[in-house]
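This is what each chain is made of:
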Amino acid sequence: MGSLKKKFRQVKKLPTWLFWFPAALMKIAFRLFYRFKLIDPHNFCADPESIIGITWHNRLMFICPAFPRKVMKNTSAVISASRDGQYLADFLGFFGAEALRGSSSRKGANALLGAIRAIESGRNVVFTPDGPRGPKYQIKIGPVAVAAKTGAVIVPFVLNSSRCWKLKSWDEFQIPKPFSTLTMVIGEPISVPADADVETLEKFRKQAEDALLNITEDPQ
C-alpha cells in the first residue's frame with residue numbers, strides 16, 4: 001500500500017477526463033444539498049471584467065459552482081506550480097476557468113506576468129493570496145502589485161458556510177456540511193495607485209487583508 005501511494009504521488013499529471021466525474025458531482029451537490037445566498041452590493045458577480053478577485057485558500061471547495069459559467073469562462077486563477085496545483089488546474093477546466101501556474105514560492109514571476117497579461121486582455125484574475133502554504137488569513141503582496149501595474153480594482157470575496165468540517169491542514173480547509181447555507185459575500189473594491197512605492201503597496205496589502213477578514217465568518 002505504501003509503495004502504491006508513493007507511486008501515485010509521483011504522478012505529476014492525471015488524465016484530464018478523470019476530473020469530469022468529481023466536477024459533475026460537485027455541481028449536482030451544490031444545487032441539491034445547499035442553500036445559496038449572494039451578497040453583492042456592487043453587482044460584480046453579474047458581469048465582471050478585468051478585476052482582481054481575492055479569497056481565502058480554505059474556502060475554495062464550492063467557489064466554482066457558486067459563480068455563473070459566463071463569469072468562470074472569463075476568469076484566470078493563479079494556482080500553485082506544484083503537482084497538487086496541476087490537479088486543481090485540470091479540475092477548474094471543467095468549470096471553464098483558465099489556470100495561471102505559479103505562487104509566491106514557485107514560479108511567482110511567471111504567474112504575476114500571466115496575471116497582468118490576462119487583465120490587459122479583459123479577463124478577471126483570482127488569487128488565493130494566503131496560499132499555497134500560509135500563514136492562514138495573511139495575504140501576500142502579489143495581487144496588490146498586479147493592481148498597481150494594471151489599474152484593475154481588487155475585489156475581496158468569501159464563500160462562508162453556516163456549518164462545516166475543518167481539515168487538519170495549515171489553513172483548516174473547510175468542507176461545508178450538507179444542508180448548510182453557503183453565503184457568497186462580495187466586498188468593497190480597492191483601487192491601488194499606479195505610482196505606489198513599497199511602503200504604499202504594503203499599506204494596500206494590509207487594507208486588502210482587512211477587507212477580506214471583515215467579510216469572513218468562521219463557523220464554530
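Above this text you will find the structure in question.
Model, not experiment: these values are computed from the prediction. (Residues numbered from 1 in each chain as written. Predicted model: local features only at pLDDT ≥ 70, side-chain atom pairs only at ≥ 80, totals over all residues. Heavy atoms only, no water.)

Engineer: Quick question: what am I supposed to make of the overall build of the chain here?
Structural biologist: Each helix and strand in the chain was counted, giving 8 helices and 9 strands. Burial status across the chain gives 48% buried among its 220 residues. Within the chain, counting contacts between residues at least 6 apart in sequence, those at least 24 apart form 73% of the total. Looking at the chain as shown, the accessible area adds up to about 11800 Å², and 58% of this sits on carbon and sulfur atoms. (Helix = DSSP H or I, 4+ residues; strand = E, 2+ residues; numbered from the N terminus. Buried < 20%, exposed > 50% of the residue type's maximum accessible area, 1.4 Å probe, protein only. Contact = heavy atoms within 4.5 Å. Areas by Shrake-Rupley, 256 points an atom, 1.4 Å probe, with all protein chains shown as cover.)

Engineer: Could you clarify how one ought to interpret the environment of Ala 89 in this entry?
Structural biologist: With respect to the helices and strands, Ala 89 occurs in helix α5 (residues 83-93). When the C-alpha atoms of Ala 89 and Thr 16 are compared, they prove to be 9.8 Å apart, with 73 residues separating the residues in sequence. Leaving out residues up to four positions away in the same chain, Ala 89 has contacts with Ile 79, Ala 99 and Arg 101.

Engineer: How should helix α8 (residues 198-214) be read in this particular structure?
Structural biologist: Each turn of an α-helix holds 3.6 residues, which means side chains three or four residues apart point in the same direction. Taking 1.5 Å per residue as the helical rise, α8 with its 17 residues ought to reach 24 Å, and the 24 Å between its terminal C-alpha atoms agrees with that figure. Every buried residue of α8 is accounted for by Leu 201, Phe 204, Arg 205, Ala 208, Glu 209 and Leu 212. The buried residues of α8 occupy one face: seen down the axis, they fall within an arc of 145°. In this structure, α8 carries Glu 199, Lys 203 and Asn 214 as exposed residues pointing more than 90 degrees from its buried face. In this fold, the buried residues of α8 make contact with β2 (52-54), α7 (142-150) and β6 (154-161). (Expected span 1.5 Å × (residues − 1). Arc of directions from axis to C-beta.)

Engineer: Teacher, can you tell me more about helix α2 (residues 20-33) here?
Structural biologist: Its 14 residues place the ends of α2 20 Å apart at the C-alpha level, agreeing with the 20 Å of an ideal helix rising 1.5 Å per residue. Taken together, the buried positions of α2 are Ala 23, Met 26, Ala 29 and Phe 30. For α2, the buried positions fall inside an angular range of 125° around the axis, keeping them on one side. Opposite the buried face of α2, by more than 90 degrees, sit the exposed residues Trp 20, Phe 21, Arg 31 and Leu 32.

Engineer: In this structure, what is going on with the side chain of Asp 40? I would like to understand it.
Structural biologist: Within the secondary structure, Asp 40 sits in the loop between β1 (35-39) and β2. No salt bridge is formed by the buried Asp 40, whose closest oppositely charged neighbour, Lys 70, lies at an N-O distance of 11 Å. For Asp 40, the side chain forms a polar contact with the main-chain nitrogen of Cys 45, separated by 2.7 Å. In contact with Asp 40, not counting residues within four places along its chain, are Cys 45, Ala 46 and Ile 186. (Lys, Arg positive; Asp, Glu negative; His and termini not counted. Salt bridge = Lys/Arg side-chain N within 4 Å of Asp/Glu carboxyl O. Polar contact = N/O pair within 3.5 Å; in protein donor to acceptor, adjacent residues only side chain to side chain.)

Engineer: I'm lost on the packing of α7 against α8 in this one. Help?
Structural biologist: Angle between the axes and distance between the axes are the two parameters that describe a pair of packed helices. Where α7 meets α8, the closest approach of the two axes is 9 Å, and the angle between their N-to-C directions is 120°. Taken together, the axes of α7 and α8 lie oblique to each other. Read as a crossing pair, α7 and α8 show a hand that is right-handed. When α7 is examined against α8, the residues Val 144, Ala 145 and Ala 148 are found in contact with a partner set consisting of Leu 201, Phe 204 and Arg 205. In terms of residue class, the contact of α7 with α8 is built from 5 nonpolar, no polar and 1 charged. (Axes fitted to C-alpha atoms, helices over the stretch in contact; angles between N-to-C directions. Parallel < 35°, antiparallel > 145°, perpendicular 65-115°, else oblique. Left-handed = near helix turned anticlockwise from the far one by under 90°. Nonpolar A, V, L, I, M, F, W, Y, C, P; charged D, E, K, R; others polar.)

From the geometry alone we can't say anything about function, so treat these as descriptive.
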